[in-house]
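So you can see what is in the structure, the chains are spelled out below.
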Amino acid sequence: MGLIVQKFGGSSVKDRDRIFNVARIVMNTRNAGNDVVVVVSAQGDTTDDLIAKAAEITSDPSHREMDMLLAAGEEISISLLTMALQELGVSAISLTGWQAGFNTDRAYSKARIKRLDTERVESELARNRVVVVAGFQGLNRSDDITTLGRGGSDTSAVALAAALHADRCQIFTDVEGVYTADPRKIPKATKLKEITFDEMLELASLGAQVLNNRSVELAKKYNVELEVISSINPVPGTVVKEETKVEGMLIKGVAKDTDVAVLTVKDVPDVPGMSFKIFSLLAQKNINVDIILQTTGRDGRKDMSFTVPLGDAESAVSALKNATSRIGGGDITVDKGCAKVSIVGAGMQSHSGVASTMFEALFNQNINIKMISTSEIKISVIIDEQDADKAVAAIHDAFIN
Ligand code: ADP
Ligand code: ASP
Ligand code: MG
């Protein structure tokens, strides 16, 4: 008994049968005596299809219009699922993101939730209705539609669970939980019983698509325990929480991210303030910089390399080129054929030799490392994209199997 937030991803609502499957899961939760708030994503590949439609019109769509377009996907899902619930005799109502009170900042396509006004959701729950909310969308201060970034429905669900003080937040998807690697690519990957917020946050940020990283950030902040489970097979999934039992696993997972470009600014003056100049420029453009590498100065000059998301590479290059006279650097190059492969696990804090095992696995496959970055619980390498799958398999074998 209590309040449960259940989120269903695109594949879980992709067609009529899957929608009724979801409606039955929700109905059973309701019949067990719970209040239920449901968050849904766009059906199947709808979001990708809408992006492709925009590309047929223009190569440079307005960010505002893109968000207007993409938000339509989730609206189809909420109404269809609500109709299915009503067909099963369950009292239900659909709400868009803004009807459900999602107020965001202005950053189209990667908006952040600023405030969540839950009055409407609560009043519908009080009328004994299942509330079906469109994930991924909100409204900014100008009453324009925004979206929260790819995979953003996870974040909508966690935000609702936090704001409503839900007893559980269940993320239903097309795999049975969080695995030691993408189970579709690495058949030997094993399902984790539990994983900490910190480990999951790293895995999600480093490319494990199963949870959106902001959703994990939010779950940690408000201590919302997450359960990642299959919408098809009713078996126990993975619990994401603050602390887990010691399992003796050195690493919890291997992740791959191909959404990386490496930018290099050559021959920048080796004087104080250069990093500030370069990275404040990118910060103004809202571009996230990840791994940064600089060569030691030689003859008063050094090279600075760093990674940005692929989609931001061109605007980063043009921002830097426009500022060449201020930065005083030479050539700016961009390498878009890269991938980041990472291992994550709190266990590596107390063990030596983890990095060398990872590097040995790459050496055995004759894979060259371009950049390395580490934190207490992760090690990432930048390599050629064409080597990435081979690298993940080799590293997974070295640690897990
Ligand atoms: P949804 O549509 O339900 O939001 P996503 O496609 O966003 O689902 O995320 C689920 C997918 O994440 C899985 O199909 C799987 O291929 C991928 N994935 C990547 N890494 C992992 C991992 N470590 N554990 C589980 N799934 C993973
Ligand atoms: N439909 C959006 C996407 O495909 C949001 C989501 O699925 O969470 O990214
Ligand atoms: Mg997702």
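In this text the structure is predicted, and so the values were computed from the model without any measurement.

Asks: Explanation requested: the overall build of the protein chain in the structure shown.
Replies: Per the secondary structure count, the protein chain includes twelve helices and 20 strands. Compactness check: the protein chain gives a C-alpha radius of gyration of 22 Å against a globular reference of 21 Å for 401 residues, within 12% of the reference. In the protein chain, which comprises 401 residues, the proportion classed as buried is 50%. Total accessible area on the protein chain stands at roughly 18800 Å², and carbon and sulfur atoms take up 47% of it. Taken together, the 44 basic and 53 acidic charged side chains of the protein chain have centroids lying 2 Å from each other.

Asks: Help me understand the packing of aromatic side chains, please; the structure alone is not making it clear to me.
Replies: Two measures describe an aromatic ring pair: the distance that separates the ring centres and the angle between the ring planes. Counting across every chain of the model gives two aromatic pairs. Ring plane angle 15° and centroid distance 4.6 Å describe the contact between phenylalanine 8 and phenylalanine 172, whose orientation is recorded as stacked. One end of the pair, phenylalanine 8, is in strand 1 (residues 3-8); the other, phenylalanine 172, is in strand 9 (residues 168-173), and 164 residues separate them in sequence. Phenylalanine 8 sits in the buried class, given a relative accessible area of 0%. Here phenylalanine 172 falls in the buried class, since its relative accessible area comes to 6%. Ring plane angle 75° and centroid distance 5.1 Å describe the contact between phenylalanine 279 and phenylalanine 306, whose orientation is recorded as edge-to-face. Separated by 27 residues along the polypeptide, phenylalanine 279 in helix 8 (residues 274-284) and phenylalanine 306 in strand 16 (residues 301-308) bring together distant segments of the chain. A relative accessible area of 17% places phenylalanine 279 in the buried class.

Asks: What's the story with the site of ligand 2 in this structure? I'm lost.
Replies: Around ligand 2 lies a shell formed by Ser41, Ala42, Thr47, Glu74, Phe136, Arg150, Gly151, Gly152 and Ser153. At 3.3 Å from an oxygen atom of ligand 2 is found a main-chain nitrogen or oxygen belonging to glycine 152. Taken by itself ligand 2 offers 260 Å² of open surface, and the protein chains cover 87% of this. Split by residue class, the shell around ligand 2 holds two nonpolar, five polar and two charged.

Asks: What is the right way to read the nonpolar core from this model?
Replies: One recurring pattern in soluble globular proteins is that nonpolar side chains are buried together. Formed by 40 residues in total, the largest nonpolar core has its most connected members in Val37, Cys169 and Met200. With six residues, the top contributor of residues to this core is helix 5 (residues 153-163). Those residues within four positions of methionine 200 in sequence are excluded, and the remaining contacts are Val178, Ile195, Val210, Leu211, Val216 and Val240. By size, the runner-up hydrophobic cluster in this structure holds 25 residues, among which are Ile251, Ile367, Ile395 and Phe399.

Asks: Could you clarify how one ought to interpret the pattern of salt bridges in this entry?
Replies: One side chain can pair with another of opposite charge once the charged atoms of both are near each other. Tallied over the full model, the rule gives 25 salt bridges. Between aspartate 174 and arginine 184 there is a salt bridge; the shortest N-O distance is 3.1 Å. One end of the pair, aspartate 174, is in the loop between strand 9 and strand 10 (194-196); the other, arginine 184, is in the loop between strand 9 and strand 10, and ten residues separate them in sequence. Salt-bridge contacts for aspartate 384 lead to lysine 370; the nearest nitrogen and oxygen are separated by 2.9 Å. Of the two residues, aspartate 384 sits in strand 20 (residues 378-384) while lysine 370 sits in the loop between helix 11 (354-364) and strand 19 (371-375), which places them 14 residues apart along the sequence. Owing to a relative accessible area of 34%, lysine 370 belongs among the partly exposed residues under this scheme.

Asks: Please clarify how helix 9 (residues 313-322) should be interpreted in this entry.
Replies: Helical geometry: 3.6 residues make up each α-helical turn, so side chains three or four residues apart lie on a common side. For helix 9, every residue scored as buried is listed here: Ala313, Ala316, Val317, Ala319 and Leu320. The arc that holds the buried residues of helix 9, viewed along the axis, is 165°, so those residues lie on one side. Summarising the contacts, the buried residues of helix 9 are in contact with strand 14 (261-269), helix 8, strand 16, helix 10 (324-327) and strand 17 (332-335).

Asks: Is there a simple way to explain the sheet that holds strand 3 (residues 92-95) in this structure?
Replies: Paired through backbone hydrogen bonds, the strands of a sheet run either parallel or antiparallel to each other. Spatial ordering of the open sheet is given by 3-6-2-1-9-11-12-10, a layout of eight strands whose pairing is mixed. Because the sheet does not close on itself, it has two edges, and the strands there are strand 3 and strand 10. When strand polarity is set aside, the average angle formed by the axes of neighbouring strands in this sheet is 20°. Of the strands in this sheet, strand 1, strand 2 (35-40), strand 6 (130-134) and strand 9 touch helix 1 (residues 16-31), which is tilted by about 170° from strand 1.

Asks: Looking at this structure, how should I read a nonpolar patch on the surface?
Replies: Among the surface-exposed residues, Ile76, Leu80 and Met83 lie close enough to one another that they form a single nonpolar patch of about 250 Å² accessible area. With respect to the helices, strands and loops of the structure, leucine 80 is situated in helix 3 (residues 63-87).

Asks: In this structure, what is going on with the site of ligand 1? I would like to understand it.
Replies: The full set close to ligand 1 counts 17 residues, and Thr173, Asp174, Tyr179, Asp182 and Arg184 are the nearest of them. The contact in question runs from an oxygen atom of ligand 1 to an N or O atom on the side chain of threonine 173, over 2.7 Å. Out of a free accessible area of 570 Å², ligand 1 has 88% covered by protein chains. Within the shell around ligand 1, the residues separate by chemical class into eight nonpolar, five polar and four charged.

Calculation criteria
Every chain is numbered on its own, with residues counted from 1 as its sequence reads. Numbering of ligands from 1 and lettering of chains from A proceed in the order in which they are written. Predicted model: local features are reported for residues with pLDDT of at least 70 only, side-chain atom pairs are reported and counted for 80 or more only, and whole-chain, interface and lining totals are derived from all residues. Hydrogens and water are ignored here; the side-chain numbers use all heavy atoms of the structure. Working definition: helices are DSSP H or I runs of at least four residues, strands are E runs of at least two. Numbering for both runs from the N terminus. The quantity called the radius of gyration is restricted to C-alpha atoms. Its globule counterpart is 2.2 Å times the number of residues to the power 0.38. Relative accessibility under 20% of the residue-type maximum defines a buried residue, over 50% an exposed one, and the middle range a partly exposed one, all with a 1.4 Å probe and only protein chains included. A 1.4 Å probe and the Shrake-Rupley method give the accessible areas. Residues count as covered only by the protein chains that appear here. Residues scored as positive are Lys and Arg, those scored as negative are Asp and Glu, and His as well as the terminal groups of each chain are ignored. Each charge is placed at NZ for Lys, CZ for Arg, CG for Asp and CD for Glu. Working definition: a ring pair exists when centres of Phe, Tyr or Trp rings (six-membered ring for Trp) sit within 6.5 Å. Plane angles under 30 degrees give stacked, over 60 give edge-to-face, the rest tilted. We call a residue near a given molecule or strand whenever any one of its heavy atoms falls within 4 Å of it. Polar contact is the term for a pair of N or O atoms within 3.5 Å; when the atoms are in protein, one must be able to donate a hydrogen and the other to accept it, and sequence-neighboring residues count only if both atoms are side-chain atoms. Gly is placed with the polar residues, together with every amino acid not listed as nonpolar (Ala, Val, Leu, Ile, Met, Phe, Trp, Tyr, Cys and Pro) or charged (Asp, Glu, Lys and Arg). What is meant by a nonpolar core is a set of buried Ala, Val, Leu, Ile, Met, Phe, Trp, Tyr and Cys residues, joined one to another through side-chain atoms within 4.5 Å. Between two residues, a contact is recorded if the distance between any of their heavy atoms is within 4.5 Å. In what follows, salt bridge is the name for a side-chain nitrogen of Lys or Arg lying within 4 Å of a carboxyl oxygen of Asp or Glu. Along the arc lie the directions from the helix axis toward the C-beta atoms. At least two bridges found by DSSP between two strands is the condition for calling them paired. Each axis is a line fitted through C-alpha atoms, and for a helix only the stretch in contact is used; angles between axes span 0 to 180 degrees, taken between their N-to-C directions. For patches, a residue must show more than 30% relative accessible area and have no salt bridge; joins then use 9 Å for like charges and 5 Å for nonpolar side chains, namely Val, Leu, Ile, Met, Phe, Trp and Tyr.

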